[in-house]
Amino acid sequence: MSVNDDRITTAGDRTAAAAVSSIADPAPLGLAAFALTTFLLSAANAGWMTKASGSAWLGYAFAYGGFIQLLAGMWEFRNKNVFGATAFSTYGGFWIGLGLWALLVAPGIKSPAVFNHDLGWIVLAFAIFNTYMLIMSLQVNVAVFAVFLTLEITEIFLFIGGFANAAQGHGMTEVGGIVGVVTAVVAWYASAAGVANGLPGRLNLPVGKPLLA
């Protein structure tokens, strides 16, 4: 999950880095898939989809945030990138799992409190995972660290909102949704930087150096 960090500064450097691997960097794709699906669900959590079904995220949880992000994780294994492989594969699984829960479990839940507590436990579990990935991201670059930092804050607000029985558009769930939109924007930036910095042209986007070398 290098997203072509700032240590690669010239076209020659990028060409040499690309020659090390026989495949393109899958991180920009994985980040884009994560960003779009996170944006859709977060907009619903924030209560912004007042004239929509609120379930626009569901299909993309399987197809883009789930399947495509999981593929990016598998390609990171091919690149021998343990951080990217773990991050993308886990969050790809998160979206697929959340989609399956929404389709198979949620319809049978009659109590809103049980529904929200289920979500609270799910998000809490991933917040635990995200905590140590946040620490490890200090060794990647500032852009990737920012993704995991904003995601950590999002997950904290969401699991508190779930346990407090706060519906979408209310309380901590609403706050978590707003921060989730910020998370999506940060992930989109990191994705765009990975695409730009992986090309031989002059358009480069800064991602910062590792905060913990």
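Residues numbered from 1 in each chain as written. Predicted model: local features only at pLDDT ≥ 70, side-chain atom pairs only at ≥ 80, totals over all residues. Heavy atoms only, no water.

A few words on the overall build of the chain. Across its full length, the chain holds seven helices and zero strands. The N-to-C order of helical and strand elements in the chain reads α-α-α-α-α-α-α. Based on the C-alpha atoms only, the size of the chain along its principal axes is roughly 60 × 30 × 25 Å. Across the 213 residues of the chain, 44% fall into the buried class. In the chain, 72% of the contacts between residues at least 6 apart in sequence involve partners at least 24 apart. Of the roughly 10200 Å² of accessible surface on the chain, a fraction of 73% belongs to carbon and sulfur atoms. Side-chain charges of the chain comprise 8 positive and 9 negative groups, with the mean position of each set lying 8 Å from the other. (Helix = DSSP H or I, 4+ residues; strand = E, 2+ residues; numbered from the N terminus. Buried < 20%, exposed > 50% of the residue type's maximum accessible area, 1.4 Å probe, protein only. Contact = heavy atoms within 4.5 Å. Areas by Shrake-Rupley, 256 points an atom, 1.4 Å probe, with all protein chains shown as cover. Lys, Arg positive; Asp, Glu negative; His and termini not counted. Charge placed at Lys NZ, Arg CZ, Asp CG, Glu CD.)

Two measures define how a pair of helices packs: the angle their axes make with one another and the distance between the axes. Two elements in contact, helix α2 (residues 27-45) and helix α4 (residues 82-105), have axes whose closest approach is 11 Å; the angle formed by their N-to-C orientations is 30 degrees. The interaxial crossing formed by α2 with α4 has left-handed handedness. For the pair α2 and α4, contact is made by A27, G30, L31, F34, T37, T38 and L41 and by F88, Y91, W95 and L98, respectively. Broken down by class, the residue content of the contact of α2 with α4 amounts to eight nonpolar, three polar and no charged. (Axes fitted to C-alpha atoms, helices over the stretch in contact; angles between N-to-C directions. Left-handed = near helix turned anticlockwise from the far one by under 90°. Nonpolar A, V, L, I, M, F, W, Y, C, P; charged D, E, K, R; others polar.)

All of the buried residues along helix α3 (residues 57-78) are W57, L58, A61, G65, G66, Q69, A72, G73 and E76. Buried residues along α3 sit against α2 and α4.

So, about the packing of α2 against helix α7 (residues 171-197). Look at α2 against α7: their axes get within 8 Å of each other, and the N-to-C directions meet at 160 degrees. Classified by the interaxial angle, the pair formed by α2 and α7 is roughly antiparallel. Both α2 and α7 take part in a crossing whose hand is left-handed. (Parallel < 35°, antiparallel > 145°, perpendicular 65-115°, else oblique.)

With that out of the way, let us pick up unusual backbone geometry. Of note, K80 is a non-glycine position whose phi angle comes to about 60 degrees, a positive value. Since its relative accessible area comes to 77%, K80 is described here as exposed.

With that out of the way, let us pick up a nonpolar patch on the surface. A surface patch of nonpolar side chains, amounting to about 370 Å² of accessible area, comprises L100, L103, L104 and V105. Within the secondary structure, V105 is located in helix α4. (Patch = residues over 30% accessible without salt bridge, like charges linked within 9 Å, V, L, I, M, F, W, Y side chains within 5 Å. Salt bridge = Lys/Arg side-chain N within 4 Å of Asp/Glu carboxyl O.)

This part takes up the packing of aromatic side chains. Enumeration over the complete set of coordinates arrives at 13 aromatic pairs. Their ring planes at 65 degrees and their centres at 5.9 Å tell us that F34 and Y91 sit as a pair that is edge-to-face. Of the two residues, F34 sits in helix α2 while Y91 sits in helix α4, which places them 57 residues apart along the sequence. Under the relative-accessibility criterion, F34 is labelled buried at 4%. We classify Y91 as buried; its relative accessible area is 3%. Measuring from ring centre to ring centre gives 6.4 Å for W57 and W95, while their planes differ by 50 degrees; the resulting arrangement is tilted. Within this pair, whereas W57 is found in helix α3, its partner W95 is found in helix α4, the two being separated by 38 residues in sequence. (Phe/Tyr/Trp six-rings, centres within 6.5 Å; stacked < 30°, edge-to-face > 60°.)

One finds F34, W57, Y91, W95, L98 and F148 to be the most contacted residues of the largest nonpolar core, which totals 35 residues. Breaking this core down by element, the ones donating at least two residues are α2, α3, α4, α5 (112-136), α6 (142-163) and α7. The greatest single-element share of this core, amounting to nine residues, is contributed by α4. (Core = buried A, V, L, I, M, F, W, Y, C linked by side-chain atoms within 4.5 Å.)

This next bit is on the environment of A113. You can see A113 is positioned in helix α5. Residue A113 is classed as partly exposed on the basis of its relative accessible area, which comes to 29%. C-alpha of A113 to C-alpha of I68: the two residues are 45 residues apart in sequence and 32 Å apart in space.

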